[in-house]
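# Architecture and fold: a report
Each chain is listed here by its residues.
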Amino acid sequence: MTGAADVAAVPVLELVGIRAGYGTIDVLHGVDLTVHSGQVVALLGPNGAGKSTTLAVASGQIRPTSGSVKILGREVNGVSPDKLARAGVCTVPEGRGIFPNLTVSENLRMATYSGAKFKDVQERAFAQFPRLKERHNQLAGTLSGGEQQMLSMSRALATNPALLMLDELSMGLAPLIVEELYSHVAEFARQGLSILIIEQFAQAVLGVADSAHIMLHGRIDRSGPPKEIAEILAAAYLGMS
Ligand SMILES: Nc1ncnc2c1ncn2[C@@H]1O[C@H](COP(=O)(O)OP(=O)(O)O)[C@@H](O)[C@H]1O
Ligand SMILES: [Mg+2]
């Protein structure tokens, strides 16, 4: 198991039989999910299905009651979010996770705790998102929603992650802005980054994801190519209304 091909075959993220919840409330009832190296996987489904909880398990914020979490083939159950972040697991949480009372540059500086050079982080962020350069002295809380997501992604990318997880990037944003954000995500994917995308609806991720899963009531209900999953999801939403 030393060849490059073997290394590439080890999934970046592997969740096996994950059960997890909050206190005595069970939310995930045996979730299996794999993100292979260089793959973009979409986890879709309605509000309350357990998508963010799945992400919390994968990022070490919640310890599963059973099942196994593997990052690059290593079992990491119970490893702290901090350590996982340093091992390359990066999250853009629902609600963006930026510091609203700090400027754009200060937010980027806060992302360098892992040892990355501020100058490099800032250069890379500004090259990827010129809008952030124009606004480097602006308080992050006064940025538009789309710009806040750009900042949040820049912060996540500062650590050169092996796995980037995005939780409802599109929430509250206009379709054109969402399209712009996902064109950046597609660019990250072309550069070989492995990405787990969480969204309620499939539309935004259709052009970006390699495969998709629908989560319902704490279980993976369906898996398949994004286009097929989008159709199933659309029918399910229509059926609900
Ligand atoms: N901190 C929490 N404490 C208790 N229950 C929670 C907490 N966060 C989420 N839940 C519950 O877990 C279930 C799944 O939530 P979540 O994973 O956020 O779903 P999704 O991201 O798919 O909308 C919901 O029923 C929600 O109310
Ligand atoms: Mg959520």
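For the structure itself, consult the block above.
Right, let's walk through the structure included here.

### Here we look at the overall build of the protein
When you go through the protein residue by residue, the secondary structure sums to 9 helices and 10 strands. For 241 residues, the compact-globule estimate of 2.2 N^0.38 gives 18 Å, and the protein sits close to it at 18 Å. Structurally, the protein occupies a C-alpha span of about 50 × 45 × 40 Å along its principal axes. Split into buried and exposed, the 241 residues of the protein put 49% on the buried side. Considering only residue pairs separated by 6 or more positions, the protein has 67% of its internal contacts joining residues 24 or more positions apart. In the structure as shown, the protein presents an accessible area of about 11700 Å², 53% of it carried by carbon and sulfur atoms. Of the side chains in the protein, 20 bear a positive and 22 a negative charge, and the two mean positions are spaced by 6 Å.

### Thoughts on the layout of surface pockets
Space inside the largest pocket adds up to approximately 520 Å³. Along the walls of the largest pocket sit 24 residues, with A85, C90, T91, P93 and Y113 positioned nearest its centre. Mapped onto the lining of the largest pocket, the elements with two or more residues apiece are α2 (51-58), α3 (81-86), β6 (89-92) and α7 (145-157). Here the lining of the largest pocket gets 4 residues from one element, more than from any other, and that element is α3. Class assignment of the residues belonging to the lining of the largest pocket gives a composition of 12 nonpolar, 7 polar and 5 charged.

### Quick look at the coordination of the magnesium ion (ligand 2)
Protein coordination of the magnesium ion (ligand 2) is provided by S52 (OG) and E94 (OE), with donor distances spanning 2.1 to 2.7 Å. Highlighted residues: S52 in helix α2 and E94 in the loop between β6 and α4 (104-110), separated in sequence by 42 residues.

### Structural notes on the packing of aromatic side chains
To describe a pair of aromatic rings, one takes the distance between the centres and the angle between the planes. By the definition in use, this model includes 0 aromatic pairs. Above the ring of F118, the side-chain terminus of R109 is found at 3.9 Å from the ring centroid.

### With respect to the site of ligand 1
Around ligand 1, the structure places Y22, V27, P46, N47, G48, A49, G50, K51, S52 and T53. Measuring from an oxygen atom of ligand 1, one finds a side-chain N or O atom of T53 at 2.5 Å. The protein chains hide 59% of the 560 Å² of surface that ligand 1 would expose on its own. When residues in the shell around ligand 1 are grouped by element, the largest group, 3 residues, is from α2. A breakdown of the residues in the shell around ligand 1 according to their chemical character gives 4 nonpolar, 5 polar and 1 charged.

### A closer look at the pairing of strand β7 (residues 163-167)
For β7, a buried count of 5 out of 5 residues is recorded, marking the element as mostly surrounded by other parts of the structure. Residues L163, M165 and D167 of β7 are buried on one face, and the alternating residues L164 and L166, pointing to the opposite face, are buried as well. Here β6 runs beside β7; their pairing, made up of 4 bridges, is parallel. The residue of β7 that forms the bridge with V92 is L166. Between the parallel elements β7 and strand β8 (residues 194-199), the chain passes through helix α8 (residues 175-190) in a crossover that is right-handed.

### Re the sheet that holds β7
Strand order in the open sheet formed by 6 strands is β6-β7-β8-β3-β9-β10, with mixed pairing between adjacent strands. Taken across any chain shown, the strands that pair with only one partner, and hence form the sheet edges, are β6 and β10 (219-224). Each strand of the sheet is rotated relative to its neighbour by a mean of 20°, with strand direction disregarded. Here strand β9 (residues 211-216) pairs with β10 via 5 bridges, running antiparallel. Bridge pairing links M215 to I220 in β10. On top of the sheet, α7 reaches β6 and β7; it is set at about 170° to β6, its chief contact.

### Observations concerning empty space enclosed by the protein
A probe as big as a water molecule, rolled over the atoms, marks out the empty space that is left. Following the criterion strictly, the structure yields 1 cavity of 30 Å³ or more and no others. Of the pockets and cavities examined, the largest cavity occupies roughly 80 Å³. Taken together, V121, R124, A125, Q128, F129, S154, L157, A158 and F188 make up the lining of the largest cavity. Contributions of two or more residues to the lining of the largest cavity are made by α5 (118-128) and α7. Examining the composition of the lining of the largest cavity, we find that 4 residues originate from one element, α5, more than from any other. In the lining of the largest cavity, the residues fall into 6 nonpolar, 2 polar and 1 charged.

Procedures and definitions
Residues numbered from 1 in each chain as written. Chains lettered and ligands numbered in written order. Predicted model: local features only at pLDDT ≥ 70, side-chain atom pairs only at ≥ 80, totals over all residues. Heavy atoms only, no water. Helix = DSSP H or I, 4+ residues; strand = E, 2+ residues; numbered from the N terminus. Rg over C-alpha atoms; globule rule 2.2 N^0.38 Å. Buried < 20%, exposed > 50% of the residue type's maximum accessible area, 1.4 Å probe, protein only. Contact = heavy atoms within 4.5 Å. Areas by Shrake-Rupley, 256 points an atom, 1.4 Å probe, with all protein chains shown as cover. Lys, Arg positive; Asp, Glu negative; His and termini not counted. Charge placed at Lys NZ, Arg CZ, Asp CG, Glu CD. 1 Å grid on protein atoms, 1.4 Å probe; cavity = no way out; pocket = protein on both sides within 12 Å on 5 of 7 lines; lining within 4 Å. Points joined across faces, edges and corners; volume = space filled by probe spheres on them. Nonpolar A, V, L, I, M, F, W, Y, C, P; charged D, E, K, R; others polar. Donors = N, O, S within 2.8 Å, 3.2 Å for Na, K, Ca; no water. Phe/Tyr/Trp six-rings, centres within 6.5 Å; stacked < 30°, edge-to-face > 60°. Lys NZ or Arg CZ within 6 Å of the ring centre and 35° of its normal. Near = heavy atom within 4 Å. Polar contact = N/O pair within 3.5 Å; in protein donor to acceptor, adjacent residues only side chain to side chain. Pairing = 2+ DSSP bridges. Right-handed = clockwise from strand over helix to strand, strands pointing away. Axes fitted to C-alpha atoms, helices over the stretch in contact; angles between N-to-C directions.

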